[in-house]
Every structure is written in C-alpha cells, then in structure tokens.
Amino acid sequence: MFTTKWVTGAAMLACTGALVACQGGADRAAGTPTPSVAVTGAPTAAAPTTSSAAATDPLLSGKREVTITRVQGSGKPLEISGRLEEGGDTGGRILFVPTPIGDDRYVIKAFGPKDDHPANDDPSCWQVNGLDIEPELTIGAVVCDPDDPIQRFTIIAKGDGTYAIGSETRFLQHLPGNGLVLKELGNAKLTTTFRFTDKGPADREPIN
C-alpha cells in the first residue's frame, strides 16, 4: 500500500485555493519509504516508446500546457482534484504539462487557470493512488516528486494525433461505472486513447 504517500499528497490538494497555507504540511516526511506494491514490474513490449518523442513532439516537451480529452468519451476534458476523472466539474485542475524526465517517462504536472492566483501556479502531479488495490488503480494528485516511481507515466503517440497513457504495465482505461482506471490489458485491446490540446506555453512561476 502507498497510504503514507497518498495521504500526504491528498492533504495538500484538499487546500485547493489555499495551497500556500498548507505547503509546509504537504512536504514529504524525511525518511519515508518509497512504496513498492502497485506499480512493480518492467514495461512490456505492448507499450513501446522512443527517446526522441519529447524532442519531436512539442506537446510532450514539458514546455506546453495542454488539456486532455478522452477520444471515446463525452468531449469534456480530464480534471484532477482528488481523483483523475472525466469532466467531473469539481473545480479541479484541467491544465497539464507532460514533462519528460528520461527513460521515456514523464511526470504530468497539473495547474489551475491562469488567473493571477498564486496557488494555481504551484503544480501538483499525477500519482498512482496507493489506497487502491489491484487490478484496477486510479490516479490522484499530490506534491510533485519526479524521483517517485509512482509519479512516472508513459505517454505513447498512436500516430493519429492521439495518445495512450500508462504506468509501467498498465494503461489508463475507462470502465463504465468505474471511470478512469489503470488496468492491465492482458490480451484485451486498448480501447481508451486521449487527445491533447495545446493551451499555450508552460511559463508558470510556482510559489517556491
């Protein structure tokens, strides 16, 4: 389980517009062990990427903010406050910056609107929810830590302007009644892909 890590990040996100006030409480405790349950294992051949993706695709360069929309869905952008969901209208963050960190992995930073509120310019990051159990895992938002393996995601261009998003051997899929989950495909076909829409330069100046 990833209980300690997830609860720390979730407490920070619960502050929403008052991120500055709870910044100190969201800091990761020294010596906290790295979780290792939900996302072990090496990437499979079903999820090939190339190291040149970030260099050739501006939307994966870490320099552009994007909205992410499920191609097979309602057309509403993904948003994240507690859990990543599709068009939940919860007031969550809908602007994302996929940022390459090497080895064909990305951290996906989340921002609020550009409205001069300093809390919206301080990023949170996608993370596999440690309170979930296999085989279906959700994604939450926490304080960014690119060294944490459960904040590292694969983003695979499908060649038609769409992308598959995964974590290790799992892919982000939509299941009726359960929303967006990270799921092992096994012999099943990838049925959920996403479209990224450019929303301008990633030029935020975070609080710290």
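Caption draft 1: Focus on the overall build of the chain. Along the backbone of the chain there are 3 helices and 13 strands. Split into buried and exposed, the 208 residues of the chain put 45% on the buried side. Across the chain, the fraction of contacts at a sequence separation of at least 24, relative to all contacts at a separation of at least 6, is 62%. When the accessible area of the chain is evaluated, it comes to approximately 9,700 Å², of which 54% is carbon and sulfur surface.

Caption draft 2: Looking closely at the side chain of Thr 99. Note on placement: Thr 99 falls in strand E4 (residues 95–102). The buried category is assigned to Thr 99, whose relative accessible area is 15%. In terms of polar contacts, Thr 99 uses its side chain to reach the backbone carbonyl oxygen of Val 97, at 3.1 Å. Here Thr 99 is in contact with Gly 62, Arg 105, Tyr 106, Val 107 and Lys 109, once residues within four sequence places are set aside.

Caption draft 3: View of the pattern of salt bridges. All told, the structure shown has 6 salt bridges when counted by the stated rule. Residue Asp 203 is joined to Lys 114 by a salt bridge in which the shortest nitrogen-to-oxygen separation is 3.0 Å. On the criterion of sequence distance, the pair formed by Asp 203 in the segment after strand E13 (194–201) and Lys 114 in the loop between strand E5 (105–111) and strand E6 (124–128) is long-range, its members being 89 residues apart. Classification of Asp 203 as partly exposed rests on a relative accessible area of 48%.

Caption draft 4: Inspection of the nonpolar core at higher detail. Ranked by internal contacts, the top residues of the largest apolar core, which has 28 residues, are Ile 68, Phe 96, Trp 126, Leu 172 and Phe 196. Residue contributions to this core peak at 3 residues, all from E5. What Phe 196 contacts, discounting residues up to four positions off in sequence, is Leu 59, Leu 60, Val 66, Thr 67, Ile 68, Pro 98, Ile 155, Tyr 163 and Ile 165.

Caption draft 5: How the structure looks around the environment of Cys 144. Tracing the chain through its elements places Cys 144 in the loop between strand E8 (139–142) and strand E9 (154–157). Sequence separation between Cys 144 and Val 107 is 37 residues; the distance between their C-alpha atoms is 8.2 Å. Ignoring any residue separated from it by four or fewer positions in sequence, one finds Cys 144 in contact with Lys 109, Pro 123, Ser 124, Cys 125 and Gln 151.

Caption draft 6: Here's a closer look at the packing of aromatic side chains. In the structure shown here, the tally under the stated rule is 3 aromatic pairs. Look at Phe 96 and Trp 126: their rings are 5.5 Å apart centre to centre, the planes differ by 85 degrees, and that puts the pair in the edge-to-face class. Here the residue Phe 96 occupies a position in strand E4, and Trp 126 occupies one in strand E6, the gap between them amounting to 30 residues. The exposure class of Trp 126 is buried, given its relative accessible area of 0%. Among the aromatic residues, those joined into a ring-pair cluster are Phe 96, Trp 126 and Phe 153.

Here is what the cut-offs are and how they apply
Residues numbered from 1 in each chain as written. Predicted model: local features only at pLDDT ≥ 70, side-chain atom pairs only at ≥ 80, totals over all residues. Heavy atoms only, no water. Helix = DSSP H or I, 4+ residues; strand = E, 2+ residues; numbered from the N terminus. Buried < 20%, exposed > 50% of the residue type's maximum accessible area, 1.4 Å probe, protein only. Contact = heavy atoms within 4.5 Å. Areas by Shrake-Rupley, 256 points an atom, 1.4 Å probe, with all protein chains shown as cover. Polar contact = N/O pair within 3.5 Å; in protein donor to acceptor, adjacent residues only side chain to side chain. Salt bridge = Lys/Arg side-chain N within 4 Å of Asp/Glu carboxyl O. Core = buried A, V, L, I, M, F, W, Y, C linked by side-chain atoms within 4.5 Å. Phe/Tyr/Trp six-rings, centres within 6.5 Å; stacked < 30°, edge-to-face > 60°.

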